[in-house]
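# Examining the three-dimensional arrangement
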Amino acid sequence: METQGRVAVITGGASGIGRGMARAFAGAGMKLVLADLDEAMLADAAEEFSGKGVEVVTRRTDVSKLEEIEALAQVAQDRFGGVHVLCNNAGIGIPTPTHKLNLDDWRWMIDVDLWGPIYGVKVFLPIMEAQGEGHINSTSSLAGLVASGMMGAYNVAKHGVVALMATLERDLRGRKSPVHSSVLCPGPINTNISRHSVEYRPSKAKPKADGEKDGRAGSRIQAMLEQGMHPDEVGELVLDAVQRDTFWVLTHPNMIKLVTRQFDAMLDDGSLTKA
Ligand SMILES: NC(=O)c1ccc[n+]([C@@H]2O[C@H](COP(=O)([O-])OP(=O)(O)OC[C@H]3O[C@@H](n4cnc5c(N)ncnc54)[C@H](O)[C@@H]3O)[C@@H](O)[C@H]2O)c1
């Protein structure tokens, strides 16, 4: 899709990967609508982009609420007269072993990480189809392709996002829609997702004290993210998928061997993963 002069809406657009997408899209001549829970980070992003002469509007949005996604679409249309790219990117995740994951955590992670993209598709697809062009990208994860331990609700949501986008893409192509879609499956990216997730976790979901073992898992994940790819590089990969209408966006294609290893074990001896 041509990007020059078009409008991109990015959820979770104030930080990390979303901010990286905003930078890539702005560099390709797009106008930006940035949505996020954090108003201070949104103000900082607005300053960054307007300082570079990019047309930008921000809107505090909780992606787990349909009416807030509807209001976001209205803001984009009122300000720019259309929406050409939607990135359902806002997300959070807390590592917890399945037997300890309480129902409030399950609901929160699925509400944000899966219902957010579902609402995005529901609200923005008709706008793009009426307009005659558009692209919807949703951020899943490697956790949408392989379910590792400790990340139950996140894995369920991110597998759901891959299924949502793959089904959407087949349906769109099946009826020759002018809209295309793609799914981003990042490996480790250096962002503040761990800090934001701890900060946003609903108070009723917070356990009195996370066990030492769970805390160590959190620190291990944080250390891995700090070694991860820069989010601006991820933004460029998503821009490329939008411009070329490709479906899979992988940041670490070498890590796909985790997926093939699982399929090999499935066919070889029925185990989950062969030792
Ligand atoms: N960082 C990684 O290694 C990694 C790997 C795979 C997938 N992802 C996914 O990438 C996406 C972006 O995460 P990130 O790593 O850039 O983290 P980040 O915390 O830097 O950015 C996520 C943004 O989403 C916002 N957000 C959280 N809950 C929200 C809600 N309910 N409504 C609106 N905004 C909300 C946060 O304020 C934040 O600005 C997420 O979907 C995440 O699951 C990240």
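You'll find the structure just up there.
Here goes a summary of the coordinates provided. Every value quoted in this text rests on a predicted model; they were computed, and no experiment measured them. (Residues numbered from 1 in each chain as written. Predicted model: local features only at pLDDT ≥ 70, side-chain atom pairs only at ≥ 80, totals over all residues.)

Right, let's get into the overall build of the chain. Scanning the chain from N- to C-terminus turns up nine helices and seven strands. Against the globule reference of 19 Å for 275 residues, the chain gives a C-alpha radius of gyration of 18 Å, in line with a compact fold. By its C-alpha atoms, the chain is 50 × 40 × 30 Å across when sized along the principal axes. Buried residues in the chain amount to 42% of all 275 residues. Long-range contacts, defined as pairs at least 24 residues apart, comprise 73% of the intrachain contacts of the chain with a sequence gap of at least 6. (Helix = DSSP H or I, 4+ residues; strand = E, 2+ residues; numbered from the N terminus. Rg over C-alpha atoms; globule rule 2.2 N^0.38 Å. Buried ≥ 20, exposed ≤ 12 C-beta atoms within 10 Å, placed from the backbone. Contact = placed C-beta atoms within 7 Å.)

To continue, consider the nonpolar core. One finds Ala 8, Phe 25, Leu 32, Leu 34 and Val 238 to be the most contacted residues of the largest nonpolar core, which totals 64 residues. Top element by residues in this core is helix H4 (residues 103–131). It accounts for eight residues. (Core = buried A, V, L, I, M, F, W, Y, C linked by C-beta atoms within 7 Å.)

Time to look at the site of the ligand. Neighbouring the ligand are 34 residues; Gly 12, Ser 15, Gly 16, Gly 91 and Thr 191 lie closest to it. Every element with two or more residues in the shell around the ligand is listed here: helix H1 (16–27) and helix H6 (193–200). Residues that form the shell around the ligand fall into these classes: 15 nonpolar, 16 polar and three charged. (Near = placed C-beta within 6 Å. Nonpolar A, V, L, I, M, F, W, Y, C, P; charged D, E, K, R; others polar.)

This next bit is on the pairing of strand S3 (residues 56–60). Residues in a regular strand project their side chains so that they alternate between the two faces of the sheet. When you tally the buried positions in S3, you get four out of five residues, the bulk of the element. Sheet topology note: the strand S2 (residues 31–36)/S3 ladder contains five bridges and is parallel. Counted as the bridge partner of Ala 35 is Arg 59 from S3. Chirality of the crossover, the property in question, places the unit of S2, helix H2 (residues 39–51) and S3 among those that are right-handed. (Pairing = 2+ DSSP bridges. Right-handed = clockwise from strand over helix to strand, strands pointing away.)

Now for the sheet that holds strand S1 (residues 7–11). Ordered by their spatial adjacency, seven strands build an open sheet running S3-S2-S1-S4-S5-S6-S7, and the pairing between neighbours is parallel. The sheet terminates laterally at S3 and strand S7 (248–250), the two strands that pair on one side only. Across the sheet, the mean angle from the axis of one strand to that of its neighbour is 15°, orientation sign disregarded. Pairing of strand S6 (residues 179–185) with S7, which is carried by three bridges, proceeds in the parallel orientation. (Axes fitted to C-alpha atoms, helices over the stretch in contact; angles between N-to-C directions.)

Relative to the assigned elements, Ser 182 resides in strand S6. Considered as a pair, Ser 182 and Asn 137 are 45 residues apart in the sequence and their alpha carbons are 4.7 Å apart. When residues no more than four places from it in sequence are discounted, the contact partners of Ser 182 are His 135, Asn 137, Met 165, Ala 241, Thr 246, Phe 247 and Val 249.

Turning our attention to the packing of helix H3 (residues 66–80) against H4. For the pair H3 and H4, interaxial distance at closest approach is 9 Å and the crossing angle is 30°. In terms of orientation, H3 and H4 fall into the roughly parallel class. Of the two possible hands of crossing, H3 and H4 adopt the one that is right-handed. Where H3 abuts H4, its residues Leu 66, Ile 69, Glu 70 and Ala 73 lie against Tyr 119, Gly 120, Val 123, Phe 124 and Ile 127. Of the residues assigned to the contact of H3 with H4, the class counts are seven nonpolar, one polar and one charged. (Parallel < 35°, antiparallel > 145°, perpendicular 65-115°, else oblique. Left-handed = near helix turned anticlockwise from the far one by under 90°.)

Moving on to unusual backbone geometry. Its identity as a non-glycine residue notwithstanding, Lys 176 has a phi of 50°, on the positive side. Here Lys 176 is to be found in the loop between helix H5 (152–174) and S6. The exposed category is assigned to Lys 176, around which 6 C-beta atoms lie within 10 Å. Not every positive phi belongs to a glycine, and Asp 245 is a case in point at roughly 50°. Structurally, Asp 245 can be placed in the loop between helix H8 (231–244) and S7.

For the rest of this paragraph, the subject is helix H9 (residues 257–268). Between its first and last C-alpha atoms H9 spans 16 Å; for twelve residues at 1.5 Å apiece the expected length is 16 Å, and the two agree. Immediately downstream of H9, the backbone of Gly 270 shows phi near 80°, a positive value. (Expected span 1.5 Å × (residues − 1).)

Moving on: the environment of Asp 62. Position of Asp 62 relative to the elements: it lies in the loop between S3 and H3. Judged by the 17 C-beta atoms lying within 10 Å of it, Asp 62 is partly exposed. Considering only alpha carbons, one finds Asp 62 and Ala 35, 27 residues apart in sequence, at a separation of 8.3 Å. Not counting chain neighbours up to four residues away, the residues in contact with Asp 62 comprise Leu 37 and Glu 68.

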